[in-house]
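Structure assessment
Next come the chains, spelled out residue by residue.
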Amino acid sequence: MFYNSNNKIMIIEIVLAAIIGMALGGGGVILWKKKSIGKAKLCVLGMKQTGKTLFFNALRGIYDVQPDETALTKIGAFKITLKSSRGKDVVIRLKETLDISGSEDYNASYYRDLIFSSTHVIYFCNIYEYLNDEMVRKEVNARLDHIKRFVDESGKTSENVFIVLSYGDKVENRKEALRTFIAAINGKPFASFARRIAVVNMTKKEDVEELIKSIFYVK
């Protein structure tokens, strides 16, 4: 498990079903070594008010902690510049995509096409609600099951999927919340998604910046 502290973003990797503990220093938190991304198209999914629009705004340098609820918004192509641990600029070009509502109607209408056309599938889940509301837990699991099916059909792998457990500030212990979430999805078809996962406070700029660097792997 990779983490900074209870107030920082936490990233985990499952290797042979064992949780490996390790603290990383330097610039950014990484999952494993892979080439930095030059171009990408994002598929950002999740239930209502889980942090999807906050994430899109943050990518463009806007840290509005209470954005309007999104129905369907076209996100035009843009680029982001991140700093590597050596202070060098890393430019990532993001292709046009959609910021969709978290309602079930949009789940049925847009999930498949977005997943098939994207390089990164990012699912936002309110970890507090997931742990404390059985209906939310069932709905999240059902959506993750759909995502796994579409990811498989598209020829992608779990390495293309990143789960963001938002509202990390609402849980008493991030480490324990993370373990509980992993245990809850263990044995399910989408259990492999736990290889790329983070607990984040989406209203905290530092958390979101670390999340972005982790998703795009800026060393």
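Residues numbered from 1 in each chain as written. Predicted model: local features only at pLDDT ≥ 70, side-chain atom pairs only at ≥ 80, totals over all residues. Heavy atoms only, no water.

**A few points about the packing of aromatic side chains**
In this structure the tally under the stated criterion is three aromatic pairs. Taking the centre distance of 6.4 Å and the plane angle of 55° together, the rings of Phe-55 and Phe-56 count as tilted. Accessibility classification places Phe-55 together with Phe-56 in one group, the buried group. Their ring planes at 55° and their centres at 4.8 Å tell us that Tyr-130 and Phe-181 sit as a pair that is tilted. Separated by 51 residues along the polypeptide, Tyr-130 in helix α3 (residues 127-132) and Phe-181 in helix α5 (residues 174-185) bring together distant segments of the chain. (Phe/Tyr/Trp six-rings, centres within 6.5 Å; stacked < 30°, edge-to-face > 60°. Buried < 20%, exposed > 50% of the residue type's maximum accessible area, 1.4 Å probe, protein only. Helix = DSSP H or I, 4+ residues; strand = E, 2+ residues; numbered from the N terminus.)

**Describing the sheet that holds strand β8 (residues 78-83)**
Spatial ordering of the open sheet is given by β5-β9-β8, a layout of three strands whose pairing is mixed. Only two strands of the sheet have a single partner each, and these edge strands are β5 (39-40) and β8. Pairing of β8 with strand β9 (residues 89-94) involves six bridges; the strand directions are antiparallel. Pairing of Ile-80 across the sheet is with Ile-92, part of β9. Each of β5, β8 and β9 is contacted by helix α6 (residues 205-216), which is oriented at about 100° to β8, the strand it contacts most. (Pairing = 2+ DSSP bridges. Contact = heavy atoms within 4.5 Å. Axes fitted to C-alpha atoms, helices over the stretch in contact; angles between N-to-C directions.)

**Digging into the pattern of salt bridges**
Evaluation of the coordinates by the stated rule reveals six salt bridges. Residue Arg-112 pairs with Glu-153 through a salt bridge whose shortest N-O separation is 3.7 Å. Of this pair, Arg-112 sits in helix α2 (residues 104-117) while Glu-153 sits in helix α4 (residues 134-154), and the two are 41 residues apart along the sequence. The partly exposed category is assigned to Arg-112, whose relative accessible area is 39%. When its relative accessible area of 44% is taken as the criterion, Glu-153 is described as partly exposed. With a shortest N-O distance of 2.7 Å, Glu-139 and Arg-143 are connected by a salt bridge. Of this pair, Glu-139 and Arg-143 both sit in helix α4, four residues apart, which is roughly one turn of the helix. Taking the relative accessible area as the measure of exposure, Arg-143 reaches 2% and is therefore buried. (Salt bridge = Lys/Arg side-chain N within 4 Å of Asp/Glu carboxyl O.)

**Looking at the layout of surface pockets**
To locate leftover empty space, one rolls a probe as large as a water molecule over the atoms. Of the pockets and cavities examined, the second largest pocket occupies roughly 240 Å³. Lining the second largest pocket are 15 residues, with Tyr-63, Thr-81, Leu-82, Glu-209 and Ile-212 positioned closest to its centre. Among the secondary structure elements, those contributing two or more residues to the lining of the second largest pocket are α1 (52-59), β8 and α6. Ranked by residues supplied to the lining of the second largest pocket, first place goes to α6 with six residues. Residues that form the lining of the second largest pocket fall into these classes: six nonpolar, two polar and seven charged. (1 Å grid on protein atoms, 1.4 Å probe; cavity = no way out; pocket = protein on both sides within 12 Å on 5 of 7 lines; lining within 4 Å. Points joined across faces, edges and corners; volume = space filled by probe spheres on them. Nonpolar A, V, L, I, M, F, W, Y, C, P; charged D, E, K, R; others polar.)

Structural measurements only, silent on function.
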